[in-house]
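Residue-level structure breakdown
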Amino acid sequence: MREILDLGKWRQVPIAFVADIRSSAILYGLALLMLILLLLYTKAMRSAVQGLGALANKSSTTSFSPTFQTIVLSVLMSAPLTLIHLLIGWRLMASSASIPFVESVGFGLLVGARYFFPLEFFRQIVRRGGLAEMHFQWSTHATSLLLKHLRWFIDLGIPTVVLIGIINHASEPRWENSLGRLAFCLLMFLSSVFLLQVLHPYRGVFRGYLAEHRGGWIDRLRFVWYFGVSLAPLVMIAMSLMGYHYTAGRLAMHLHTSIMTLLGLFLLYFTIWRWLLLQRRQLVIAQARARLEEARRRDADASTPISAAPGAASVTLETGSDLSQINAQTIRLVSSTLIFAAVMAIAFIWSSVLPAVGALDSVTLWTVNGSTPDEKLPVTLANLLLAIPAAIMTVVAAKNLPGLLEIALLQHLPIENAVRYAITSISRYTILILVIAMTFNSLGVRWASIQWLVAALGVGLGFGLQEIFANFVSGLILLFEQPVRVGDVITIGDTTGTVSKIRMRATTVMNFDQQELVIPNKDLITGRLLNWTLSDATNRMVIDVGVAYGTDVTRACQILQEICQSHPNVLKNPEPTAFFEVMADSQLTIKVRIFLASLDLRLPTR
């Protein structure tokens, strides 16, 4: 402690720093030029962030570029003070081999830079009009609260961290130093106050979330996690004062790493959420343009403007894909993946501190043969506990993969909806097979040891459940060969409807009364069916019109043909026709033949 408070020791720091400037003038000149440029452009970068935020907040924005640029600008605005800490700390440690105290000051500045940058970067994110508010749609209350408390926490906490770093590097044994223990307790107290203010269930940043999810588990356990996290630094203060300063310091470092990891995953989630939102907007716009092109093609020769053409008014609502389902699948997949990553990261961070985590590897459940007959490989309790969440993530990924593929990849490829459905279905089956194989392999169940059992079961199931296997293989044929695709209108037996799902065993057809018919896949492959839209959705409709005896049928045919030509749903090529064909007992029957662009126009046109 006397060494830290000795002014003579502190006088060595500027002397060593000035001497290093003289010996490395070019390096300092370049660093000074970089800092001056960053400081000069700070105001311009803040204005750019405001402009990008206003652009990103528009509902018509579909580009991720404003969000990416804001992230880069936030990093640059966080850089000046961090670079000053790093430069001075690095040069003091590099040029002070014979002055231990100066080296300790340099080490403290490096430690301070490590803790300062993530806090400052987060402060730039939550600034007014910045990334959190305009791009991630965080509430103004949450961003204002974080900005307010981050300011004082950085101003008071980072100097304390620098002091702790100097003391730990200069003192030995460091955990018995009274000044170091006092600085540690001060830092923990500041951290506890900060967490108590920010995480408060009724006034903190999660106030809006808890109000929207009233009654959920997070809401019910709000005081458990609130006091558990906020008062943890006070527990470490008590441990330090009771003589367990080293243990308290280790726990504090792991707690800080855990919070920073969770915060990083939290920001990653909102970044992915923002990108998915923009991709979904692009999908809506692409489908709207497709509907407009269809309306333009249908009404090319009509006098009605395109904006008033049938279907144009509802173009943004009647889209070809179920966007709400795609969005829900994608969000579930991203959320589940990040939660799984958070659990794994926390387990890894605390594995060196909590003996129970490392002890899982010492509990052997069974052994399996290795690469040689004499080699035995243990399967531990840790392998089993890792296999369980991996299996759960497999199920989640298989169920929600279609949404992510549609938004991230398939919408950018020039392929039809039926091909997209086939790709997602086959990807789902592939993921299931691969991850099941990997899960069994992690538990020691390898192919070499069960291949004969699988072969025997395959033969037995093939005979006993041959219909199931026939339907499964037929489903794969439907996906690859595509004689029937999702969205096709088919007639099988006395049922006509739209194919809505092609599953592993059966295909679902929804008729025009919104009734679902489940058809085994084998019947679609081996039986006869009528596919109205296999290669072309254009279809012909015949309408019988009866007129009285004595009517000029030639004039009647002309009138009917003119009516059909002026109707917006009737295609101009092939042209509509009307011919007198039948002399019935009470009327003369004229048959009108028209062509429509799709089957859903038959009833409205008739």
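Bear in mind that the values here come from a model prediction, so they are computed numbers and not experimental data.

This part covers the overall build of the protein chain. A tally of helices and strands in the protein chain yields 24 helices and ten strands. Within the protein chain, the fraction of its 606 residues that count as buried is 38%. Restricting to contacts in the protein chain with at least 6 residues of sequence separation, those with at least 24 account for 67%. Counting only carbon and sulfur atoms, one obtains 66% of the accessible surface of the protein chain, whose full area is about 33,700 Å².

Before going further, it helps to examine the nonpolar core. If you look at the biggest cluster of nonpolar residues, it comprises 53 residues, and the most contacted ones within it are V126, W138, L146 and M236. When residues of this core are traced back to their parent elements, those giving at least two are helix 2 (7–23), helix 7 (100–125), helix 8 (131–135), helix 9 (140–170), helix 10 (178–198), helix 14 (232–241), helix 15 (245–298) and helix 16 (323–350). Ignoring sequence-local partners within four residues, the contact set of M236 consists of F184, M188, A248, L251, A252 and L255. By size, the runner-up hydrophobic cluster in this structure holds 14 residues, among which are M541, C564, V570 and V592.

Direction vectors running N to C along helix 3 (residues 25–40) and helix 4 (residues 42–56) enclose 45 degrees, while the axes themselves pass 4 Å from each other. Relative to helix 4, the element helix 3 lies oblique. Taken together, the residues of helix 4 that come into contact with helix 3 (itself represented by L38, L39 and L40) are T42, K43 and M45. In the contact of helix 3 with helix 4, the residues fall into four nonpolar, one polar and one charged.

What follows deals with unusual backbone geometry. Glycine aside, a negative phi is what most residues show, and trans is what most peptide bonds show. Here N573 and P574 are connected by a cis peptide whose omega angle stands at 5 degrees. Mapped onto the fold, P574 is located in the loop between helix 23 (553–566) and strand 9 (577–583). Of note, the phi angle at Q137 is positive, near 60 degrees, even though the residue is not glycine. Examined against the element boundaries, Q137 turns out to sit in the loop between helix 8 and helix 9.

This next bit is on the sheet that holds strand 5 (residues 506–511). Spatially, five strands are ordered 6-5-4-3-7 in an open sheet, and the strand pairing comes out antiparallel. Since the sheet does not close on itself, it has two edges, and those belong to strand 6 (516–520) and strand 7 (530–531), each with one partner. Pairing analysis gives five bridges linking strand 5 to strand 6, with the strands arranged antiparallel. Note on strand 6: the bridge partner recorded for A506 is P520.

Another aspect to go through is the pattern of salt bridges. On inspection of all chains with the given rule, the structure shows eight salt bridges. Among the salt bridges present, the one from R91 reaches D20, with a minimum N-O distance of 2.8 Å. Taken as a pair, R91 in helix 6 (residues 79–94) and D20 in helix 2 lie far apart in primary sequence, 71 residues in all. Exposure remark for D20: the relative accessible area of 4% places this residue in the buried category. The closest approach of N and O atoms between D219 and R214, which form a salt bridge, is 3.7 Å. In this structure D219 comes out as buried when scored by relative accessible area, which is 6%. Judged by relative accessible area, R214 falls into the exposed class, the value being 56%. The network of salt bridges with common partners includes R214, D219 and R222.

This paragraph deals with helix 5 (residues 65–77). Each α-helix winds once per 3.6 residues, and so residues spaced three or four apart point in a common direction. In this model, helix 5 (13 residues) spans 18 Å end to end at C-alpha, consistent with the 18 Å of a helix rising 1.5 Å per residue. Turning to helix 5, its buried residues are P66, T67, T70, L73, S74 and M77. Projected down its long axis, helix 5 carries its buried residues within an arc of 125 degrees, all on one side.

Time to look at a nonpolar patch on the surface. A cluster of nonpolar residues, L186, F189, Y202, F223, F227, L231 and L234, forms a patch on the protein surface that exposes about 610 Å² of accessible area. Secondary-structure elements contributing two or more residues to the nonpolar patch are helix 10 and helix 13 (222–230). Under the relative-accessibility criterion, L234 is labelled partly exposed at 34%.

Moving on, we come to helix 3. Between its first and last C-alpha atoms helix 3 spans 22 Å; for 16 residues at 1.5 Å apiece the expected length is 22 Å, and the two agree. All of the buried residues along helix 3 are Y28, A31, L35 and L38. Each buried residue of helix 3 lies within a common arc of 90 degrees when the element is viewed along its axis, so the set occupies one face. Away from its buried face, by an angle of more than 90 degrees, helix 3 presents the exposed residues I26, L30 and L40.

Reading the values: the criteria
- Residues numbered from 1 in each chain as written.
- Predicted model: local features only at pLDDT ≥ 70, side-chain atom pairs only at ≥ 80, totals over all residues.
- Heavy atoms only, no water.
- Helix = DSSP H or I, 4+ residues; strand = E, 2+ residues; numbered from the N terminus.
- Buried < 20%, exposed > 50% of the residue type's maximum accessible area, 1.4 Å probe, protein only.
- Contact = heavy atoms within 4.5 Å.
- Areas by Shrake-Rupley, 256 points an atom, 1.4 Å probe, with all protein chains shown as cover.
- Core = buried A, V, L, I, M, F, W, Y, C linked by side-chain atoms within 4.5 Å.
- Axes fitted to C-alpha atoms, helices over the stretch in contact; angles between N-to-C directions.
- Parallel < 35°, antiparallel > 145°, perpendicular 65-115°, else oblique.
- Nonpolar A, V, L, I, M, F, W, Y, C, P; charged D, E, K, R; others polar.
- Pairing = 2+ DSSP bridges.
- Salt bridge = Lys/Arg side-chain N within 4 Å of Asp/Glu carboxyl O.
- Expected span 1.5 Å × (residues − 1).
- Arc of directions from axis to C-beta.
- Patch = residues over 30% accessible without salt bridge, like charges linked within 9 Å, V, L, I, M, F, W, Y side chains within 5 Å.

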